Amino acid sequence: MLNIDLADRVLKGELRALSRALTLLERGNPAAGSVMKRLDPHTGRAYTVGITGPPGVGKSTLVDRLAEHLRGQELTVGILAVDPTSPFTGGALLGDRIRMQRHYLDDGVFIRSVATRGQSGGLPRIVKSMVRALDAAGKDVVLVETVGVGQTELGIMGVADSVVVAMTPESGDSIQTLKAGVMEIADLYVINKADRDGANHLATAVTSMLHMADLSHGWNPQVLLTQAYANVGISELWDGIGAHRDFLTDTGGLNKRRAERRRSEFLETVQEELHRRITKRLVDDGDLADLLNEIEGKAAEPYGEAMRLLDDDVGLGRVINGA
């Protein structure tokens, strides 16, 4: 009943209840399952935008200004800012909420920092579930800012309806980043800090590369110039996102993206939970601990013993469920 009550409070838009639900998800608390089951029928209305790109391009400022623009249109906003994980606490390290203080007292904006927890792609699996929770809570738009470690994260494809890749004129690795697969994920390109030398040159380079790309899906990504710190080009960015949303809606691509997202969320959750349970049982189970000792001492061979355990239904069941 407590979980049902929490879910009902989230559906009413209570921010404390939403924060509690996101905490349950982030901690992997089993109670999160019943909460999400009740929330799920109320999802599908919010539009999710991913903001990604190399470090230092001004992603947080873009998100901050975009949220301000959306509030000016009386739209409610949820922000998930994915940060590197602290090696000491396991929590989000940078804390983008500090950089978005202008929205702190605005009930129409909900901001949450999310730790990567070492997951590949720079985007934790749990973000998909968090997006659905924000959706159920009544947010009109959900903005997901990725951590931006090294090259652009490809994981944002599995989270956002529209993906915005941000770059700056002086980013020496911008064109190299484009060659590394970003051409396949970006729906819009933003050249931020466009008042600096080289902005038009970079925009021309990106446009030229787009002409050589496979655009058989029908959408031609826009290349936009912004100065987020000065609030220049933000309305044009939102218009570009709107044009992409209209395209996806008209072609059926939006429903397809969201269906694929739900499928991947299920599979990733199963894989993650299996890994957690197996790791715990390998430590706690006496027989398995003995097997690990044998493997460490070369009395048993790692690959063969792993395959034997997985092929043994009884042994696998004990590892997973402690049976």
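This one's a predicted model, so the numbers in the text were calculated from it and none came from an experiment.

Rules used in this analysis
- Residues numbered from 1 in each chain as written.
- Predicted model: local features only at pLDDT ≥ 70, side-chain atom pairs only at ≥ 80, totals over all residues.
- Heavy atoms only, no water.
- Axes fitted to C-alpha atoms, helices over the stretch in contact; angles between N-to-C directions.
- Helix = DSSP H or I, 4+ residues; strand = E, 2+ residues; numbered from the N terminus.
- Parallel < 35°, antiparallel > 145°, perpendicular 65-115°, else oblique.
- Contact = heavy atoms within 4.5 Å.
- Nonpolar A, V, L, I, M, F, W, Y, C, P; charged D, E, K, R; others polar.
- Salt bridge = Lys/Arg side-chain N within 4 Å of Asp/Glu carboxyl O.
- pLDDT = per-residue confidence, 0-100.
- Core = buried A, V, L, I, M, F, W, Y, C linked by side-chain atoms within 4.5 Å.
- Buried < 20%, exposed > 50% of the residue type's maximum accessible area, 1.4 Å probe, protein only.
- Polar contact = N/O pair within 3.5 Å; in protein donor to acceptor, adjacent residues only side chain to side chain.

The next subject is the packing of helix H4 (residues 59-72) against helix H8 (residues 234-251). Following both chains from N to C, one finds H4 and H8 inclined at 80 degrees, their axes separated by 10 Å at the closest point. Regarding the angle of H4 to H8, the classification is roughly perpendicular. Contact with H4, carried on its side by Leu62, Arg65, Leu66, His69 and Leu70, involves Ile234, Ser235, Leu237, Trp238 and Ile241 of H8 and no other residues of that element. The residue makeup of the contact of H4 with H8, split by class, is seven nonpolar, two polar and one charged.

Further remarks concern the pattern of salt bridges. Any two side chains of opposite charge can pair if their charged atoms end up close together. Applying the stated criterion to the full structure yields 17 salt bridges. One continuous salt-bridge network, built from bridges that share partners, spans Asp40, Arg132, Arg262 and Glu265.

Scored by pLDDT, the protein chain has a mean of 83; 80% of the residues are at 70 or more. Averaged pLDDT values for the elements of the protein chain fall to 56 in helix H6 (residues 174-179) and rise to 97 in H8. Note on residues 86-96: pLDDT under 50 across the span, and 26 contacts to partners over four residues away in sequence or across chains.

This part is about the nonpolar core. Grouped together as the largest cluster of nonpolar side chains are 46 residues, with contacts concentrated most on Leu18, Leu39, Leu80, Val127, Val144 and Ile156. For this core, the leading source of residues is helix H5 (residues 126-136), giving seven residues. Leaving out residues up to four positions away in the same chain, Leu39 has contacts with Ala7, Val10, Leu11, Ala133 and Ala136. Membership of the second largest hydrophobic core comes to 29 residues, among which are Val57, Leu143, Ile241 and Leu254.

Once that is clear, we can look at the environment of Asp140. Assignment of secondary structure puts Asp140 in the loop between H5 and strand S4 (141-145). On the basis of relative accessibility, which here comes to 18%, the residue Asp140 falls in the buried class. In this structure the C-alpha to C-alpha distance between Asp140 and Val77, which are 63 residues apart in sequence, comes to 6.0 Å. When residues no more than four places from it in sequence are discounted, the contact partners of Asp140 are Arg45, Ala46, Tyr47, Glu74, Leu75 and Thr76. In this structure the side chain of Asp140 is engaged in a polar contact, spanning 2.8 Å, whose partner is the side chain of Arg45.

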